[in-house]
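Chain and residue survey
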Protein chains: 2
Amino acid sequence: MAAESTVELESSMKEHRDDDEKSNGFSVSAVSMDVEGGDKDPSGNGVSSVIPGWFSEISPMWPGEAHSLKIEKILFQGKSEYQKVMVFQSSTYGKVLVLDGVIQLTERDECAYQEMITHLPLCSIPNPKKVLVIGGGDGGVLREVARHSSIEKIDICEIDNMVVEVSKQFFPEVAVGFNDPRVTLRIGDGVAFLKAAPEGTYDAVIVDSSDPIGPAQELFEKPFFQSVARALRPGGVMCTQAESIWLHMDIIEDIVSNCRHIFKGSVNYAWTTVPTYPSGMIGFMLCSTEGPLVDFKHPVNPIDQKDCQKSVRPLKFYNSEIHTAAFCLPSFAKRKIGSKET
Amino acid sequence: MAAESTVELESSMKEHRDDDEKSNGFSVSAVSMDVEGGDKDPSGNGVSSVIPGWFSEISPMWPGEAHSLKIEKILFQGKSEYQKVMVFQSSTYGKVLVLDGVIQLTERDECAYQEMITHLPLCSIPNPKKVLVIGGGDGGVLREVARHSSIEKIDICEIDNMVVEVSKQFFPEVAVGFNDPRVTLRIGDGVAFLKAAPEGTYDAVIVDSSDPIGPAQELFEKPFFQSVARALRPGGVMCTQAESIWLHMDIIEDIVSNCRHIFKGSVNYAWTTVPTYPSGMIGFMLCSTEGPLVDFKHPVNPIDQKDCQKSVRPLKFYNSEIHTAAFCLPSFAKRKIGSKET
């Protein structure tokens, strides 16, 4: 089994070297991988050296548990300036994008995250025109923003160009978002980009970040939220990835408290099911700035399938009922978060 | 590591032998376990022989993925007439009950399943008095049923006495349900029990079964649903465990179709988050018999904390908002299930 994996890896590594040569100077520094035993994972990508042929997601963010997916073929392994990047074909979840050993998306369930993080904020305000996406280098949020015909301008600031290039190469149905003519991509630091943005520019800012350990750390801190609030128009909205109520209630309480101080409109927590994220779910922090009231729980701008470009696939996950339901919290979370919401 | 695990196992096996001697003739035939390598899992309990010290849930029911929990100590391993039974102390999810290698409950997240499978049906009808639980040998559903002060009689029919005894020994906060004086426990076949039950006996039947591979198979088939409908009063309700929309839409469609034929009242599908179940969620099939209309989505019998016995812990998960939200389905599931609901 180990020998087979090694052969397979060599073959796939060669494949992506060939691909690199075609891609106009985009190159990767591939890391070595040892699947032949030992307890260590020298790739740092989560490729299990103890379960040959499986990827295991082990992290200090969720100690004592690990979700594993069977690998059919490793399609890409690289190391950017910021993180390790891997793509593999899984046996039952389609292709999988992994950053620093943590699953970012799988083809089978990415619809839940991308549709919810986008339409929860955009369906909560009438007529959104200008949207900023921080992170989201895979392009999935762009694909979802582009469904709204009212949108005129979509800025995206992603720190890691390798994520963009890898997504375009291996996840065309996700990266399709980059093809929309309203999109302007900046490769750079989202924190700096926001600081430089003119005040009151955006109707919505969507923060599609990885976990608060690694390059995304600043995106969970107070100064960043202040920059977001400043860049939004009055009554503008922010939606940010905000961890799981089962695993990180302490982080969530901090995020909610910070947002309560900075956003003078509504502050609400929502969540959705995503099987391949730790604990099988992920939360979102939704906030609005002072100005026209935003009632996140009752979407005023429902998305109509007829409204979508014909080239875009139908919505798989989001609908108005699940929008409202996403704000209903289990009692243990309601007791801790509910009192802090506005 | 392997050597340590072996020592630990021997010590815990001795412990439960001692315990057995105290428990009035309840005995187990402990299975052997080899944690020292090789690809096989001779215990059949999911104790990983490839990640020493971890439990991995691998099943043909969810090919290509596995959730793993770190084992602190194995507390019990036995084999009943029906299945393999294991209890271990995990490092971050408390104690864990495993049947035939599949996680049934963990102390950390059992509240979600037990509270939802019980209060979704019981809060949907006024004044429930007689309840039957099929399966549910851990006692958690009984604990939840007992919160309702209107209840006069709780019958439970569990096929496997080892589950009951193991739960009483290792999960006192779950098995506390057996202490309620309204409870009558039968050890036996739920299918036969229901056939023998007088027609129109129960206000609610709750089917807390394991997956449809193994001893619970019959509980997902049409003749069983017919027996349930017969045993319910007019306008009585059934709630049964009904798999995950992410993994088993085909099974769910069959269950919904079968129920539509048999239950002439309402037929609705709901779901909840449970981190340690495959895909991080589990669904419920809710049906009512012909008679007074049951609107499952709007609970007419909200559970009041003051109504609960003081000895019972407060509700951790269930509330009226999450009751209603549980019936909101993602679009991909709504398209397949929605048209079949009544």
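Residues numbered from 1 in each chain as written. Chains lettered and ligands numbered in written order. Predicted model: local features only at pLDDT ≥ 70, side-chain atom pairs only at ≥ 80, totals over all residues. Heavy atoms only, no water.

One finds I245 and F263 of chain A together with I245 and F263 of chain B to be the most contacted residues of the largest nonpolar core, which totals 161 residues. Not counting chain neighbours up to four residues away, the residues in contact with I245 of chain A comprise I252, Y269, M281, P330, F332, A333 and I337 of chain A. (Core = buried A, V, L, I, M, F, W, Y, C linked by side-chain atoms within 4.5 Å. Buried < 20%, exposed > 50% of the residue type's maximum accessible area, 1.4 Å probe, protein only. Contact = heavy atoms within 4.5 Å.)

Quick look at the domain arrangement of chain A now. Residues and elements named next belong to chain A. We note that the domain assignment places domain 1 (54–106) and domain 2 (109–339) within chain A. Once you take the C-alpha centre of each, domain 1 and domain 2 turn out to be 23 Å apart. Counting from both sides, the interface comprises 25 residues of domain 1 and, opposite them, 25 residues of domain 2. With both chains or domains summed, domain 1 and domain 2 bury close to 2,300 Å², and 71% of this area falls on carbon and sulfur atoms. When the buried surface of domain 1 facing domain 2 is broken down by residue, M61, Y82 and L105 rank first, second and third, together holding 29% of it. At the junction of domain 1 and domain 2, the tally comes to seven residue pairs in polar contact (both at pLDDT 80 or more). Elements with a contribution of two residues or more to the side of domain 1 that touches domain 2: β2 (65–79), β3 (84–90), β4 (95–99) and β5 (102–106). Of the residues forming the side of domain 1 that touches domain 2, the biggest block, six residues, is contributed by β2. Partitioned by chemical class, the residues of the side of domain 1 that touches domain 2 number 14 nonpolar, six polar and five charged. (Domains from an automatic or database assignment. Buried area = accessible area lost by both parts, 1.4 Å probe. Polar contact = N/O pair within 3.5 Å; in protein donor to acceptor, adjacent residues only side chain to side chain. Helix = DSSP H or I, 4+ residues; strand = E, 2+ residues; numbered from the N terminus. Nonpolar A, V, L, I, M, F, W, Y, C, P; charged D, E, K, R; others polar.)

This brings us to empty space enclosed by the protein. Enumeration according to the criterion identifies three cavities of 30 Å³ or more in this entry. Taken as a whole, the largest cavity spans an internal volume of roughly 170 Å³. As for the largest cavity, its lining consists of 21 residues, of which H67 and P275 of chain A together with H67, P275 and Y277 of chain B are closest to the centre. Where the lining of the largest cavity is concerned, the elements lending two or more residues are β2 of chain A together with β2 (65–79) of chain B. The residue makeup of the lining of the largest cavity, split by class, is 10 nonpolar, seven polar and four charged. Within this model, the second largest cavity holds a volume of roughly 130 Å³. Residue lining of the second largest cavity: 17 residues in total, with W271 and A325 of chain A together with W271, A325 and A326 of chain B positioned closest to the centre. (1 Å grid on protein atoms, 1.4 Å probe; cavity = no way out; pocket = protein on both sides within 12 Å on 5 of 7 lines; lining within 4 Å. Points joined across faces, edges and corners; volume = space filled by probe spheres on them.)

Time to look at the relation of the copies chain B and chain A. The operation relating chain B to chain A is a screw motion whose rotation component is 180 degrees, with 0.0 Å of axial translation and a residual RMSD of 0.0 Å. The relationship between the two copies is best expressed as a two-fold rotation axis. Most of the interface of chain B is mirrored in chain A, where 100% of its interface residues again form contacts. (Least-squares fit on C-alpha atoms with pLDDT ≥ 70 in both.)

Working note: regular strand, side chains alternate between the two faces of the sheet. Residue and element names in this part refer to chain B. Counting buried residues along strand β7 (residues 153–158), five of its six residues qualify, which places the element largely inside the surrounding structure. Sheet topology places strand β6 (residues 130–135) next to β7; five bridges connect them, and they run parallel. Bridging across to β7, I134 finds its partner in C157. On the question of chirality, the crossover connecting β6 to the parallel β7 by way of helix α3 (residues 140–145) is right-handed. Pairing analysis gives five bridges linking β7 to strand β8 (residues 183–187), with the strands arranged parallel. When the bridges of β8 are listed, I156 appears paired with L185. (Pairing = 2+ DSSP bridges. Right-handed = clockwise from strand over helix to strand, strands pointing away.)

Attention now moves to the side chain of E110 of chain B. Residue and element names in this part refer to chain B. Here E110 shows up in helix α2 (residues 110–122). What makes E110 buried here is its relative accessible area of 4%. A distance of 3.0 Å separates a polar atom in the side chain of E110 from a polar atom in the side chain of R313. Excluding residues within four positions of it along the chain, E110 makes contact with L105, R143, V174 and R313.

Buried residues of helix α7 (residues 222–231) of chain B: F224, F225, S227, V228, A229 and A231 of chain B, and no others. Each element contacted by the buried residues of α7 of chain B is listed here: β6, α6 (190–196), β9 (202–208), β10 (232–241) and α8 (249–262) of chain B.

The next thing to look at is the UniProt feature "binding site: putrescine" in chain A. Residues and elements named next belong to chain A. Under the feature "binding site: putrescine", the UniProt entry names Y113, D208, S209, S210, D211 and Y277. Taken along the chain, the residues just named run across 165 residues; in space they keep tight, none of their C-alpha pairs more than 14.2 Å apart. As for the largest cavity, its lining draws on Y277 from among the annotated residues. Within the secondary structure layout, D208 lies in strand β9 (residues 202–208). Contacts of D208, omitting those with residues within four sequence positions, involve Y113, Q114, I117, I134, G135, G136, D138 and V141. The residue D211 is located in the loop between β9 and α7 (222–231) in this model. (UniProt positions renumbered as here; feature names shortened; annotations may be inferred.)

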